[in-house]
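The lines below spell out each chain.
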Amino acid sequence: MKPAPFEYATPTTLDEAVALLGTPGARVIAGGQSLLQDLRWRRTSASLLVDIARIEELRGVHDDGDRVRIGARVRHVDLERGAVGGPLGRLLAATARWIAHPPVRSRGTMVGSLCVAHPSSEWCGLAAGLDATVELVSVRRRREVTVADFLRDSFTPAAGPDELATALLVPVLPEGTRVGVVESRRTHASYAHVAAVAALLPDGGSRLGLAGAAPTGVRAHAAEAALARGDDPGAAAAQLDADPREHPHAPIPYTRHVAGVLVRRALQEAS
Ligand SMILES: Cc1cc2nc3c(=O)[nH]c(=O)nc-3n(C[C@H](O)[C@H](O)[C@H](O)COP(=O)(O)OP(=O)(O)OC[C@H]3O[C@@H](n4cnc5c(N)ncnc54)[C@H](O)[C@@H]3O)c2cc1C
């Protein structure tokens, strides 16, 4: 199917872009890897697409020592190729490799993935696990929202129609952190059934994120606490952190089981 007609704008500044987003029915287009398909299938509509590909302020990665700011134009492939250094960069690169296949990774963006809020999005699981923050700008205000608040529900990000997500702010992982990421999926190019992301910190703490195990990406707090106590983090993840919905190919008890297994495997990979 072809999409319904829409206007198309290519602003070069953030101010121009947010002004355009005040138009009723306007939508941001980043890599188009989710939006174009939805428009073609008429699952969604737009009167105006505001393409952010020429906005300089949204490019690149900046590390201020505490947080890494990943701009809205940063694609999956940029992170896969090592745009970020240190243990966080290794975790981002390893996670990016699980996403779709190279053509999708070369256009799709990390911030765009957060704005889709697919329950199985690897970036949503990682960002929730690491307590990242989304930066949003509109003509009304500039604000930061924690990923836990931003991912309200499946496909329901906490962004207004006139807001542009300018960056994801991810806490830096200290040197000496060991990382792992694993997932299960039905076919190579399909979304994950469940994905688990693990960071073992040098002070003995951990950060664990899950995708596909709940309506949104979540931080696996119970598994982290179990690990600190010397209990089985997999059992805690399956029973307490996972909150799966029925899936056509996976009954709820199976998804819980897989979440537990993958948390153990991600930790094993990190050890
Ligand atoms: C075959 C295929 C397989 C895929 N497999 C996976 C997978 O395994 N894992 C995975 O995570 N993803 C997967 N994806 C999705 C892919 O990762 C997309 O890149 C991702 O969903 C983000 O899309 P995008 O950056 O191209 O954003 P777009 O498609 O341009 O936009 C998506 C939505 O987010 C909004 N949006 C985008 N950027 C912003 C912004 N900065 N501010 C405000 N709103 C914004 C748009 O308005 C739109 O509603 C797959 C896609 C395809 C086509």
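Every chain is numbered on its own, with residues counted from 1 as its sequence reads. Selection of residues for local features in this predicted model requires a pLDDT of at least 70, selection of side-chain atom pairs for listing and counting requires 80 or more, and totals for whole chains, interfaces and linings are taken over all residues. Values shown for side chains rest on all heavy atoms present in the structure; no hydrogens or waters enter the calculation.

Caption draft 1: How the structure looks around the domain arrangement of the chain. Residue ranges labeled as domains rest on an automatic or database domain assignment. Here the domain parsing of the chain yields domain 1 (7-51), domain 2 (56-171) and domain 3 (178-270). Just the C-alpha atoms count here: the centres of domain 1 and domain 3 sit 34 Å apart.

Caption draft 2: Representation of the environment of Leu35 within the structure. Secondary structure elements are taken from DSSP: a helix is a run of H or I of four residues or more, a strand is a run of E of two residues or more, and numbering for both begins at the N terminus. Within the secondary structure layout, Leu35 lies in helix H2 (residues 35-40). Measuring from C-alpha to C-alpha, the distance between Leu35 and Ser45 comes to 9.4 Å, with ten residues separating the pair along the chain. Throughout, a contact is declared for two residues whenever any of their heavy atoms are within 4.5 Å. When neighbours within four sequence positions are excluded, Leu35 is seen to be in contact with Arg27, Val28, Ile29, Thr44 and Leu49.

Caption draft 3: Region of the structure containing the side chain of Asp51. By secondary structure assignment, the location of Asp51 is in strand S3 (residues 48-51). Within the buried set, Asp51 has no salt-bridge partner at all; the shortest N-O distance to an opposite charge, 6.7 Å, is to Arg54. In protein, a polar contact requires one atom able to donate a hydrogen and another able to accept it; more generally it is a pair of N or O atoms within 3.5 Å, and residues adjacent in sequence count only if both atoms are side-chain atoms. Of the polar contacts made by the side chain of Asp51, one reaches the side chain of Tyr8; its length is 2.4 Å. The contact partners of Asp51, leaving out residues within four places of it in the chain, are Tyr8, Ala9, Thr10, Pro11, Ile29 and Ala30. Accessible area is worked out with a 1.4 Å probe on protein chains only. A residue is then buried under 20% of its type maximum, exposed over 50%, and partly exposed in between. Residues counted as positive are Lys and Arg, residues counted as negative are Asp and Glu, and His and the chain ends are not counted. Whenever a carboxyl oxygen of Asp or Glu lies within 4 Å of a side-chain nitrogen of Lys or Arg, that contact is scored as a salt bridge.

Caption draft 4: Fine view of the pairing of strand S7 (residues 142-146). Here, a strand pair is defined by DSSP locating no fewer than two bridges between the strands. Sheet topology note: the strand S6 (residues 133-137)/S7 ladder contains five bridges and is antiparallel. Bridging from a neighbouring strand, Val137 pairs with Arg142 of S7. From the end of S6 to the start of S7, which pair antiparallel, there are four residues.

Caption draft 5: The pairing of S3, seen in detail. Side chains Leu48 and Val50 of S3 all project onto a buried face; the interleaved residues Leu49 and Asp51 project onto the opposite face, where all are buried too. Sheet analysis places strand S1 (residues 7-9) next to S3, joined by three bridges and oriented parallel. Bridge assignment links Ala9 to a residue of S3, and that residue is Val50. Taken together, the four bridges between strand S2 (residues 26-29) and S3 define a ladder with parallel strand orientation. Residue pairing for S3: Arg27 is matched across the bridge by Leu49. Throughout, right-handed denotes a crossover for which the path from the first strand over the helix to the second runs clockwise when the strands point away from the viewer. For the handedness criterion, the β-α-β arrangement of S2, H2 and S3 is classed as right-handed.

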